[in-house]
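Results of the structural survey
Here are the chains, one letter per residue:
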Amino acid sequence: MCGIIGYNGSNDPKEILIDGLKRLEYRGYDSAGIAIQDSHKVDVFRSKGRIQSLENKLVGKHFKGSLGIGHTRWATHGAPNEINAHPHRVGSITLVHNGIIENYLELREDLKSKKRVITSDTDSELIAHLFDIELHKGLSLVQAVGKVIPQLTGSYAFVVMSDREPELLLGVRKGLLYWSG
Ligand code: GLU
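This text gives an overview of the structure that appears in the document. (Residues numbered from 1 in each chain as written. Predicted model: local features only at pLDDT ≥ 70, side-chain atom pairs only at ≥ 80, totals over all residues. Heavy atoms only, no water.)

**Things to note about the packing of aromatic side chains**
Per the counting criterion, the structure on display carries 4 aromatic pairs. Note on phenylalanine 131 and phenylalanine 158: the rings are 5.7 Å apart at their centroids and 80 degrees apart in plane angle, and the pair reads as edge-to-face. Pair noted here: phenylalanine 131 is in helix α4 (residues 124-136) and phenylalanine 158 is in strand β7 (residues 154-162), with a separation of 27 residues, a long-range link. Assigned by exposure class, phenylalanine 131 and phenylalanine 158 land together as buried. When the ring centre of tyrosine 29 is taken as origin, the NZ or CZ atom of arginine 50, which lies over that ring, is 4.6 Å away. (Phe/Tyr/Trp six-rings, centres within 6.5 Å; stacked < 30°, edge-to-face > 60°. Helix = DSSP H or I, 4+ residues; strand = E, 2+ residues; numbered from the N terminus. Buried < 20%, exposed > 50% of the residue type's maximum accessible area, 1.4 Å probe, protein only. Lys NZ or Arg CZ within 6 Å of the ring centre and 35° of its normal.)

**Regarding the sheet that holds strand β4 (residues 67-73)**
Adjacent strands of a sheet form backbone hydrogen bonds with each other and so pair up, either parallel or antiparallel. Read from one edge of the open sheet, 4 strands run β1-β4-β2-β3, paired in antiparallel fashion. Each having just a single partner strand, β1 (3-8) and β3 (42-48) make up the two edges of the open sheet. Averaged over all pairs of adjacent strands, the angle between strand axes in this sheet comes to 5 degrees, irrespective of strand direction. In the sheet, strand β2 (residues 31-37) pairs with β4 via 7 bridges, with the strands oriented antiparallel. Residue pairing across strands places serine 31 opposite arginine 73, the latter belonging to β4. (Pairing = 2+ DSSP bridges. Axes fitted to C-alpha atoms, helices over the stretch in contact; angles between N-to-C directions.)

The analysis is restricted to geometry; functional conclusions fall outside its scope.
So this is what it looks like as structure tokens:
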């Protein structure tokens, strides 16, 4: 179980994301992270431990971006450390995930056979790879959802964004799709 949050609006997302994560901290608190996107780049900050330690990393930082995602983790796949903390970044994709991908081993082997470089032990990073593959084929983020979901077994809710569509935030819960942008 974890907490995930997405923000698409006109204010600096930092405070909004941190405030949201603090409210969700009861759901998971072994690590936390946020990603903020503006039209040029994505900044990702992750930290082992509670939200406070993430907040310490962000002291004095201000962001122009208006799109952001955040996550407070309760690990199911991989140790509670910074590398396994969300958001996960693969190519142009940034993603936070709640849940368990049950076909994790099968997906991981398949991605490795496609020469994908997997940097964490999480099931969540694999979802980001699946999106990245579809975007490389020329699909949009919304189109990619239709290709990625059928490959996932298990329970999931995730929020995903792509540098290629810097105004779009996509939320997916098993069986449901939300977007803002
Ligand atoms: N399965 C994911 C992980 O281990 C998400 C866990 C969660 O829901 O906090 O990173």
